[in-house]
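Structural features, examined
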Amino acid sequence: PSECDCKIRSTWFYDNNEDTLKSVDELFGMYESSVGHGSNFLLNVGPDNHGLICEADRTRLLELGAKIKSVYLVPAPYEALEREGNFYSVSSTGFAQPFSETTISPPINRVVICEDITNGQAVKAFKIYAHLPRYRRKRILVYEGRTIGHKVICPIFTIRSPKLVVEITDSDGEHTITSIQGYFAN
């Protein structure tokens, strides 16, 4: 996998520059942009002149970890992944029942997709569709992407969808999606 090298401050090494410490939101965006596209996120934190991580950096790292856990620890409650040809889907409990506008699903604004890369990455293009209560059983395109690989994080507008569908529109050979999960980030 590729590696995304980043600095927690404006410099690679420790300097008395706490005013350049990146915010939690900025670091979270960097996390989603790197890990969310299959890269390793290497965040540089330089030790001070005593060989220690300064308190401000330590606190910021703990805040970043808490933000990542608050968003990605518990996915929306979708049932097991189903496959039909190039379409993979997950549904809320009861989606197959008579569909109504009162169908309640938790809000999501991130879709995380994982591909089985045991024999290499295969997906070259994909689309994500959501079934929205007001549109009955029609699926609405909410995201288009290129590769999936180990994991891709797809930011979408906030929706309540009882069913998510991923269509593989181009691939290099056989593809297998292992997971589709929805999350909500404040």
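Criteria and cut-off values
- Residues numbered from 1 in each chain as written.
- Predicted model: local features only at pLDDT ≥ 70, side-chain atom pairs only at ≥ 80, totals over all residues.
- Heavy atoms only, no water.
- Helix = DSSP H or I, 4+ residues; strand = E, 2+ residues; numbered from the N terminus.
- Buried < 20%, exposed > 50% of the residue type's maximum accessible area, 1.4 Å probe, protein only.
- Contact = heavy atoms within 4.5 Å.
- Areas by Shrake-Rupley, 256 points an atom, 1.4 Å probe, with all protein chains shown as cover.
- Lys, Arg positive; Asp, Glu negative; His and termini not counted.
- Charge placed at Lys NZ, Arg CZ, Asp CG, Glu CD.
- Pairing = 2+ DSSP bridges.
- Axes fitted to C-alpha atoms, helices over the stretch in contact; angles between N-to-C directions.
- Core = buried A, V, L, I, M, F, W, Y, C linked by side-chain atoms within 4.5 Å.
- Salt bridge = Lys/Arg side-chain N within 4 Å of Asp/Glu carboxyl O.
- pLDDT = per-residue confidence, 0-100.

What follows covers the overall build of the chain. Of regular secondary structure, the chain possesses two helices and 10 strands. Going from the N terminus to the C terminus, the chain shows its helices and strands as β-α-β-α-β-β-β-β-β-β-β-β. With respect to the three principal axes, the spread of C-alpha positions in the chain is 65 × 40 × 20 Å. Every one of the 186 residues in the chain was classed for burial, and the buried ones make up 44%. Look at the contacts in the chain between residues 6 or more apart in sequence, and 74% of them connect residues 24 or more apart. Approximately 10600 Å² of the chain is accessible, and the part contributed by carbon and sulfur atoms is 51%. Here the chain contributes 20 positively and 23 negatively charged side chains, and the mean placements of these two sets differ by 9 Å.

Two modes of strand pairing occur in sheets, parallel and antiparallel, and in both the strands are linked by backbone hydrogen bonds. Pairing in this open sheet of five strands is antiparallel, and the strands run S3-S4-S9-S6-S7 from one edge to the other. With partners counted over all chains shown, the strands left at the sheet margins are strand S3 (82-84) and strand S7 (139-145), one partner each. Between one strand axis and the next, the sheet turns through 25° on average, direction left out of account.

One finds Val111, Ile113, Phe126 and Ile128 to be the most contacted residues of the largest nonpolar core, which totals 24 residues. Counting only elements with at least two residues in this core, the list comes to strand S4 (87-91), strand S5 (107-115), strand S6 (123-131), S7, strand S8 (152-160), strand S9 (163-171) and strand S10 (177-183). Here Ile113 is in contact with Phe126, Ile128, Ile148, His150, Lys151, Val152, Cys154, Val166, Ile177 and Ser179, once residues within four sequence places are set aside. Counting 19 residues, the second-largest nonpolar core is a separate cluster that includes Met30, Leu64, Cys114 and Tyr183.

Counting across every chain of the model gives six salt bridges. Here Asp25 ties to Lys67 by a salt bridge, and the two come within 3.7 Å at their closest N and O atoms. With Asp25 in helix H1 (residues 24-34) and Lys67 in helix H2 (residues 55-72), this residue pair connects regions lying 42 residues apart in the sequence. For Glu55, the salt bridge is made with Arg58, and the minimal N-O distance between the two is 3.7 Å. With Glu55 and Arg58 both in helix H2 and three residues apart, this pair spans about one turn of that helix. Take Glu55: its relative accessible area is 48%, and that puts it in the partly exposed class. Of the residues examined, Arg58 reaches a relative accessible area of 41% and is grouped as partly exposed.

The next point concerns the environment of Ile177. For Ile177, the location among the structural elements is in strand S10. C-alpha of Ile177 to C-alpha of Leu81: the two residues are 96 residues apart in sequence and 8.7 Å apart in space.

Below, the discussion takes up the sheet that holds S8. Spatial ordering of the open sheet is given by S8-S5-S10, a layout of three strands whose pairing is antiparallel. Only two strands of the sheet have a single neighbouring strand rather than two, namely S8 and S10. Pairwise comparison of adjacent strand axes, ignoring direction, gives a mean angle of 20° for this sheet. The pairing of S5 with S10 spans six bridges and is antiparallel.

Restricting attention to buried positions, one finds in H1 the residues Val24, Leu27, Phe28, Met30, Tyr31, Glu32 and Ser34. Residues of H1 that are buried make contact with strand S1 (3-7), strand S2 (40-44), H2, S5 and S8.

Before going further, it helps to examine the confidence of the model for the chain. When pLDDT is averaged along the chain, the result is 89, and 92% of the positions lie at 70 or above. The spread of mean pLDDT over the elements of the chain runs between S1, the lowest at 89, and S10, the highest at 97.

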